[in-house]
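Residue-level structural notes
The chain contents come next:
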Amino acid sequence: MVKAQIKPSYTTPHYSTKLWRAYKLYLGHYYGKSLFTEICEELEIPESYLNKDDNWVSDEFTRKFMDVLIKRTNDEDIARKVGQFSISPDVVNHLEFAILKILSPFLFFKLVKFNATKLNRYHEINISKFQMGYFELEMVTREKAEADPHVYRNTAGLLEAARELFNLNKLNVQYQLARDNDGRQKAHFQISYSGKSWLIK
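Now for a description of the structure that goes with this document.

What counts and how
- Each chain has its residues counted from 1, running along the sequence as written.
- Only residues with pLDDT of at least 70 are given local features in this predicted model, and only at 80 or more are side-chain atom pairs given and counted; all residues enter the totals for whole chains, interfaces and linings.
- The basis for every side-chain value is the complete set of heavy atoms in the structure, and neither hydrogens nor water enter the calculation.
- Whenever a carboxyl oxygen of Asp or Glu lies within 4 Å of a side-chain nitrogen of Lys or Arg, that contact is scored as a salt bridge.
- Each helix is a run of DSSP H or I of at least 4 residues and each strand a run of E of at least 2, with the numbering of both proceeding from the N terminus.
- Each residue gets one of three labels from its accessible area relative to the maximum for its type: buried under 20%, exposed over 50%, partly exposed in between, using a 1.4 Å probe on protein chains only.
- The residues that make up patches have over 30% relative accessible area and no salt bridge, and they are joined within 9 Å when like-charged or within 5 Å when they are Val, Leu, Ile, Met, Phe, Trp or Tyr.
- Note on areas: Shrake-Rupley, 1.4 Å probe, and residue coverage restricted to the protein chains presented here.
- Any Phe, Tyr or Trp ring, taking Trp's six-membered ring, that has another such ring centre within 6.5 Å forms a pair; planes under 30 degrees apart are called stacked, those over 60 apart edge-to-face, and the others tilted.
- The rule for a charge over a ring is simple: NZ of Lys or CZ of Arg within 6 Å of the ring centre, and within 35 degrees of the ring normal.
- By nonpolar core we mean a set of buried residues, namely Ala, Val, Leu, Ile, Met, Phe, Trp, Tyr and Cys, connected to one another through side-chain atoms within 4.5 Å.
- Contact between two residues is taken to exist if any of their heavy atoms lie within 4.5 Å; hydrogens are not considered.
- A pair of strands is labelled paired if DSSP reports no fewer than 2 bridges between them.
- Structural elements are reduced to axes, namely lines fitted to C-alpha atoms, with helices fitted over the stretch in contact, and the angle between N-to-C directions of any two is expressed from 0 to 180 degrees.
- Any N or O atom pair separated by 3.5 Å or less is treated as a polar contact, with the protein-specific requirement of one donor-capable and one acceptor-capable atom, and with residues adjacent in sequence counted only for side-chain atom pairs.

Following the criterion strictly, the structure yields twelve salt bridges and no others. Two residues, K24 and E47, come together in a salt bridge whose shortest N-O distance is 3.1 Å. With K24 in helix α1 (residues 19-30) and E47 in helix α3 (residues 47-51), this pair connects stretches of sequence that are 23 residues apart. One salt bridge in this structure joins E160 and R80, with 2.6 Å as the shortest N-O distance. Of the two residues, E160 sits in helix α9 (residues 149-160) while R80 sits in helix α5 (residues 78-85), which places them 80 residues apart along the sequence. Each member of the pair, E160 as well as R80, is classed as buried. Connected via shared salt-bridge partners are E124, R142, D180 and R184.

Here you go:
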């Protein structure tokens, strides 16, 4: 019933609304609880729709949300900051956080594809190279279209959240955008890390 009030172009199932939990909590923490509500009102989408974990939104909605968000916060890097914030006790529940803490960094990064594909249907996500202390991740759009660039910034921030989660000495996340042979947009991530854990040599 709520969905009928939303523009159909907003609800193409590209990204899980679970991702918006971090945006709502981040804005509430740093900008006040009303800002997320105001953005929803401006975009004419019920806040309750984004609050429900089993809903989906489109890349078009994501672009418009980020445009308004950056305009309201004057922060071009906010997607990356929200990604860094998204793996914290403020966002994940206590059980999820406890499970994350007992993982090694190796297993955390190894599970990135599994976890990301549950939240992102707009991309094919694969790990192209993996070894202790280093891995490469590729996100390729399923269609011949460009994704909202803030999706990649948010992903980079989420990967960078591992630094604090595991108390790593070093974590470097870089990515480049290109096109594959079929003309689809591809983001190639390179992640290197080191820490005090006996699992990382």
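Attention now moves to a nonpolar patch on the surface. Taken together, the side chains of L95, I99 and I102 define a hydrophobic patch exposed on the protein surface, amounting to about 350 Å² of accessible area. As for its placement among the helices and strands, I102 is situated in helix α6 (residues 94-102).

Below, the discussion takes up the packing of aromatic side chains. Evaluation of the coordinates by the stated rule reveals 19 aromatic pairs. A centroid spacing of 5.4 Å and a plane angle of 70° characterise the contact between F108 and F166, whose relative ring orientation is edge-to-face. Placement of F108 in helix α7 (residues 105-110) and of F166 in helix α10 (residues 162-166) is noted, with a sequence separation of 58 residues between them. Each member of the aromatic cluster is reached from another via a ring pair, and the members are F106, F108, F109, F130, F135, F166 and Y193. A cation over an aromatic ring shows up here: K110 above the ring of F130, its NZ or CZ 4.7 Å from the ring centre. Directly above the ring of W56 sits R121, whose terminal nitrogen or CZ lies 3.7 Å from the centroid.

The next subject is unusual backbone geometry. In the Ramachandran plot, E44 falls in the positive-phi region, its phi being about 60° despite a non-glycine side chain. Tracing the sequence through the fold places E44 in the loop between α2 (34-43) and α3. Here the phi dihedral of N74 falls at roughly 60°; this positive angle occurs in a residue that is not glycine. Along the chain, N74 falls in the loop between α4 (59-73) and α5. Residue class for N74 comes out exposed when judged on its relative accessible area of 71%.

Let's shift gears to the nonpolar core. In terms of nonpolar packing, the biggest core is built from 55 residues, with L50, F61, F65, F109 and F189 touching the most fellow members. It is α4 that provides the largest number of residues to this core, a total of six residues. Not counting residues up to four positions away in its chain, the partners in contact with F65 are W20, Y23, F36, I39 and L43.

This part is about the sheet that holds strand β6 (residues 185-194). Judged by pairing direction, the sheet is antiparallel, and its four strands sit side by side in the order β3-β4-β6-β5 without closing on themselves. With one partner strand each, in any of the chains shown, β3 (123-131) and β5 (170-179) form the two edges of the open sheet. Adjacent strand axes in the sheet meet at a mean angle of 15° when their direction is disregarded. With eight bridges joining them, β3 and strand β4 (residues 134-141) adopt antiparallel strand pairing. Opposite H123, over in β4, you have T141 as the bridge partner.

Moving on to α5. Buried residues dominate α5, accounting for six of its eight residues. Along α5, the residues classified as buried are I78, A79, R80, V82, G83 and F85. Tucked into the core, α5 has its buried residues touching α1, α4, α9 and β5.

Mapped onto the fold, E124 is located in strand β3. The exposure class assigned to E124 is partly exposed, which follows from its relative accessible area of 28%. A sequence separation of 56 residues divides E124 from D180, and the C-alpha atoms of the two residues are 12 Å apart. Contacts of E124, omitting those with residues within four sequence positions, involve E138, M139, V140, R142 and R184. Here R184 takes part through its side chain, which lies 3.2 Å from a polar atom of the side chain of E124.

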